[in-house]
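As a plain string of letters, each chain reads:
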Amino acid sequence: MKQLKVVLLSLSVGIAIGMWFGVNIGREVPLFSNPFETSALNQKIKKVSGETLEKGGQALEKTGQALQDKMGK
């Protein structure tokens, strides 16, 4: 009976720690950070949208340069 309690306790602690690490890995944050903190997702969305906007601006600039080169010739 005592072994069953130890096994169940170990299993529940292992599942809890595994879920903690799994959530943090999925959110791409440090392993020991708080998995209930939602600001990491908001920051990631802002970062990705900023990068996308930057790449779009660079592509637009290259297209404008190409058009100016064609018009100049």
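Residues numbered from 1 in each chain as written. Predicted model: local features only at pLDDT ≥ 70, side-chain atom pairs only at ≥ 80, totals over all residues. Heavy atoms only, no water.

Caption draft 1: Layout of the packing of aromatic side chains. This model, assessed by the stated rule, comprises 1 aromatic pair. Judged by centre distance (5.4 Å) and plane angle (85°), the ring pair of Phe-21 and Phe-32 falls under edge-to-face. Remark: Phe-32 occurs in the loop between α1 (2-26) and α2 (39-72) and Phe-21 occurs in helix α1; sequence separation between them is 11 residues. (Phe/Tyr/Trp six-rings, centres within 6.5 Å; stacked < 30°, edge-to-face > 60°. Helix = DSSP H or I, 4+ residues; strand = E, 2+ residues; numbered from the N terminus.)

Caption draft 2: Region of interest: α1. Spanning 25 residues, α1 covers 36 Å between terminal C-alpha atoms, matching the ideal 36 Å at 1.5 Å per step. Once α1 ends, the next one or two residues include Glu-28, with phi positive near 60°. (Expected span 1.5 Å × (residues − 1).)

Caption draft 3: Focus on a nonpolar patch on the surface. Together, Met-1, Leu-4, Leu-8, Leu-11, Ile-15 and Met-19 line one region of the surface with nonpolar side chains, adding up to about 690 Å² of accessible area. Structurally, the position occupied by Leu-8 is in helix α1. (Patch = residues over 30% accessible without salt bridge, like charges linked within 9 Å, V, L, I, M, F, W, Y side chains within 5 Å. Areas by Shrake-Rupley, 256 points an atom, 1.4 Å probe, with all protein chains shown as cover. Salt bridge = Lys/Arg side-chain N within 4 Å of Asp/Glu carboxyl O.)

Function cannot be inferred from these measures alone, as they are strictly geometric.
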